[in-house]
Protein chains: 2
Amino acid sequence: MKPNRAHNFSAGPAALPYEVLQKAHKELLDYRGAGASIIEMSHRGPEYTEIDLSARKRLKALLGMDDDFEILFLQGGASLQFMMVPYNFMFQKTADYINTGVWSKKAIKEAHLFGDVHVAFSSEDTGFDRVPEDQQIKLSGKGEYAYFTSNNTIYGTQYAKEPNCGELPLVCDASSDFLSKPLDIKKYGVLFAGAQKNAGPAGLTVVILRKDFLEKARKENVSSMLSYPVQTGTLFNTPPVFGVYIFNYVLEWIEEKGGLSAMDIYNQEKAAILYDEIDKDDFYRGNAHKDSRSLMNVTFRLPSEELEKKFILESGQSGLSGLKGHRSAGGIRASIYNACPKESVEALVSFMQAFRAKNG
Amino acid sequence: MKPNRAHNFSAGPAALPYEVLQKAHKELLDYRGAGASIIEMSHRGPEYTEIDLSARKRLKALLGMDDDFEILFLQGGASLQFMMVPYNFMFQKTADYINTGVWSKKAIKEAHLFGDVHVAFSSEDTGFDRVPEDQQIKLSGKGEYAYFTSNNTIYGTQYAKEPNCGELPLVCDASSDFLSKPLDIKKYGVLFAGAQKNAGPAGLTVVILRKDFLEKARKENVSSMLSYPVQTGTLFNTPPVFGVYIFNYVLEWIEEKGGLSAMDIYNQEKAAILYDEIDKDDFYRGNAHKDSRSLMNVTFRLPSEELEKKFILESGQSGLSGLKGHRSAGGIRASIYNACPKESVEALVSFMQAFRAKNG
């Protein structure tokens, strides 16, 4: 570990690569000799323009995108996308939604404002402990797109690969596993991610749009800030400069680590260490159905809520932070995104072993 | 000046107080011993909660707000507020708009999506060179609010005090003179400001709502992210953490400087130095009508576009950055927000004198 660096398991805003923070630290008072911080410079000036172009180029290369895609750096988090997607693509029509938790439900709620929502699968009855197998997805047959949440932070579930929805364009909230592994980008009509888990600080939302799908976006009587076509092209308004700046360095860090396949291997390795410990006996119990387990958010319970409270308290005292489960799910949640180092996972496992020995 | 600090006249994102940058720099790798950066921490944790509460408390004290007001820290810039204001307050009704430039026009365009816009004044015919005198404002008599842009960055115009619209709640885009002087907050139903001029980095929008006006906001069939009532209260989604963090330090810096009255005196003094130089003879010509001159953005022309290009080039070479006028207005624009020190204005005036001597 780096000097005074906590083992940070926060679900988001979450740990960033220390190397990225160091670069930002070095430049914060004076961006490359310009005599000003990057956050004090015009978003239409050469310095920020270079950052913006660099981030786009890197993201395209990492995801294997060709010129068939547009990239937007927006604000408002995934929550604003919940509204923008149906506003642009569903207006007075139908769309298919896969319901795997709180975030999907919020997206469905927004979609109801604009058209006819068809819920193609829901795991609500089993406490959102799983994502669907392909044959469980019942599409309406008349949807404009199929919406899913690729990783569910609260319950610790994740799709191992994209749900099979045939030729229907996928719309994906990838906030919590964005850039953690390769994906088949051609299947996506829209992919969006709030940056504050795997990609950067809170306040930046990365939106990827497939151009042939974008052409179908509503164009009449639309609000400029909510319109994907308006937002495409020259900067419509001031972007979240600091967020894009950090994001560009995160992308560089992923490149240096070997790209998304290397990230995937590293993330699988980290998650395996943790799930192996959970599966050793019945003291720790994983929340998610085994086939749906997330590599990003590992959620588990202890034999009692009292022991969970003790676990959270004592882990915090041992320099392991952010392990308390989401208030709606309880228990323990270890968020181990890209930037969470293996050493932190090993430190957590050591703590878990000692805790079991004392309290088991 | 501080070591390697440019004279930064950028219109936004703009210069921040160097003391604020230094505080952020000191804490960026390790926030107060927590072993993580503030941008790596949960927005519901104790560290960010303290920052959020501190910023609210300071803003209330500086503006003399009592508990009759709500403060929101949103994203999307003033541009999203152009839509949110009529979405919440004008739906299928009428509102009065004062048109003093590009930003007002964008707000009017959004308002047309929701109801009946009455333009109560426009200075478009004279190239947006002025804001209205009170007797020039012709209200509809049935408006839900009266909308104005308190400072017009592009043309360099500003209201010396709030337009008189009787008892009608004012809705104000204060992006470019927010916190530059005291204001009569009780007159405002909504006041919003993108942070990136006087208040912080791009990506934070501060929105102030008077509670009795907020009660009138539309409540049926509204999108959560666009609804002021939904956004009021507990954090609806992840806020722009870094923006609020910097904003809190900017507020502290304003307090230390003596508050908004002291800011006003300092800003008047800086602007006077510059306007005095412009008014010396006909070489420099101010854009704005004298009664409407902005203390924030000083815009002027030279005898020819060729000389303007030369001025921008040579000023840049002399360490004066960001002086190029907005692309829609041309000429020179010196943005001298709160954080622009008097020394920078004096350096600009010295350059102007030397430039006139050589080229006049």
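Residues numbered from 1 in each chain as written. Chains lettered and ligands numbered in written order. Predicted model: local features only at pLDDT ≥ 70, side-chain atom pairs only at ≥ 80, totals over all residues. Heavy atoms only, no water.

### Things to note about the packing of helix α1 (residues 18-27) of chain B against helix α7 (residues 241-257) of chain B
Residue and element names in this part refer to chain B.
Next, step 1: Contact geometry of α1 with α7 gives a least axis separation of 9 Å together with a crossing angle of 135°. Taken together, α1 and α7 sit at an angle that is classed as oblique. Considering how the two elements wind past one another, α1 and α7 form a crossing that is right-handed. Each of Glu19, Val20, Lys23, Ala24 and Glu27 in α1 lies in contact with α7, whose residues at this interface are Tyr245, Ile246, Tyr249, Val250, Glu252, Trp253 and Glu256.
Next, step 2: Its residues placed into classes, the contact of α1 with α7 shows 7 nonpolar, no polar and 5 charged. (Axes fitted to C-alpha atoms, helices over the stretch in contact; angles between N-to-C directions. Helix = DSSP H or I, 4+ residues; strand = E, 2+ residues; numbered from the N terminus. Parallel < 35°, antiparallel > 145°, perpendicular 65-115°, else oblique. Left-handed = near helix turned anticlockwise from the far one by under 90°. Contact = heavy atoms within 4.5 Å. Nonpolar A, V, L, I, M, F, W, Y, C, P; charged D, E, K, R; others polar.)

### Brief notes about the pattern of salt bridges
Residues and elements named next belong to chain A.
Next, step 1: Here the structure, examined in full by the defined rule, presents 42 salt bridges over all chains.
Next, step 2: With a closest N to O distance of 2.9 Å, Lys280 and Glu277 form a salt bridge.
Next, step 3: Judged by relative accessible area, which is 52%, Lys280 ranks as exposed.
Next, step 4: Judged by relative accessible area, which is 3%, Glu277 ranks as buried.
Next, step 5: Each of Lys23, Arg58, Glu252 and Glu255 takes part in one network of salt bridges that share partners. (Salt bridge = Lys/Arg side-chain N within 4 Å of Asp/Glu carboxyl O. Buried < 20%, exposed > 50% of the residue type's maximum accessible area, 1.4 Å probe, protein only.)

### Examining the pairing of strand β8 (residues 170-173) of chain B
Residues and elements named next belong to chain B.
Next, step 1: Residues Leu170 and Cys172 point to one face of β8 and Val171 and Asp173 to the other, with burial holding for every one of them.
Next, step 2: In terms of strand pairing, strand β5 (residues 146-149) meets β8 through 4 bridges, oriented parallel. Opposite Phe148, over in β8, you have Cys172 as the bridge partner.
Next, step 3: Across 4 bridges, the pairing between β8 and strand β9 (residues 188-194) is parallel. (Pairing = 2+ DSSP bridges.)

### Overview of unusual backbone geometry
Residue and element names in this part refer to chain A.
Next, step 1: Of note, the amide linkage connecting Gly12 to Pro13 takes the cis form, showing an omega dihedral of -10°.
Next, step 2: Mapped onto the elements of the fold, Pro13 is located in the loop between β1 (7-8) and α1 (18-27).
Next, step 3: The phi dihedral of Arg32 falls on the positive side, at around 50°, and the residue is not glycine.
Next, step 4: Here Arg32 shows up in the loop between α1 and α2 (46-63).

### Points about the domain arrangement of chain A
Residue and element names in this part refer to chain A.
Next, step 1: Taken domain by domain, chain A consists of domain 1 (22-257) and domain 2 (259-359).
Next, step 2: Tallying the contact residues gives 24 residues for domain 1 and 25 residues for domain 2.
Next, step 3: Summing the contributions of domain 1 and of domain 2, the shared interface buries around 2100 Å²; its carbon and sulfur component is 56%.
Next, step 4: Our count for the domain 1 to domain 2 interface comes out at 0 salt bridges.
Next, step 5: Here domain 1 is connected to domain 2 by 14 residue pairs in polar contact (both at pLDDT 80 or more).
Next, step 6: It is helix α7 (residues 241-257) that contributes the most residues to the side of domain 1 that touches domain 2, 4 residues altogether.
Next, step 7: Per-class residue counts for the side of domain 1 that touches domain 2 are 9 nonpolar, 8 polar and 7 charged. (Domains from an automatic or database assignment. Buried area = accessible area lost by both parts, 1.4 Å probe. Polar contact = N/O pair within 3.5 Å; in protein donor to acceptor, adjacent residues only side chain to side chain.)

### A look at the interface of chain B and chain A
Next, step 1: In this assembly, 57 residues from chain B lie in contact with 57 residues from chain A.
Next, step 2: Roughly 4600 Å² is buried in total at the junction of chain B and chain A, and carbon and sulfur atoms are behind 57% of that figure.
Next, step 3: Our count for the contact surface shared by chain B and chain A stands at 2 salt bridges.
Next, step 4: In this structure, Arg5 of chain B engages Glu40 of chain A in a salt bridge whose closest nitrogen and oxygen atoms are separated by 2.6 Å.
Next, step 5: The interface formed by chain B and chain A includes 21 residue pairs in polar contact (both at pLDDT 80 or more).
Next, step 6: For the side of chain B that touches chain A, the element with the most residues is α1 of chain B, which contributes 5 residues.
Next, step 7: For the side of chain B that touches chain A, the residue count by class is 27 nonpolar, 22 polar and 8 charged.

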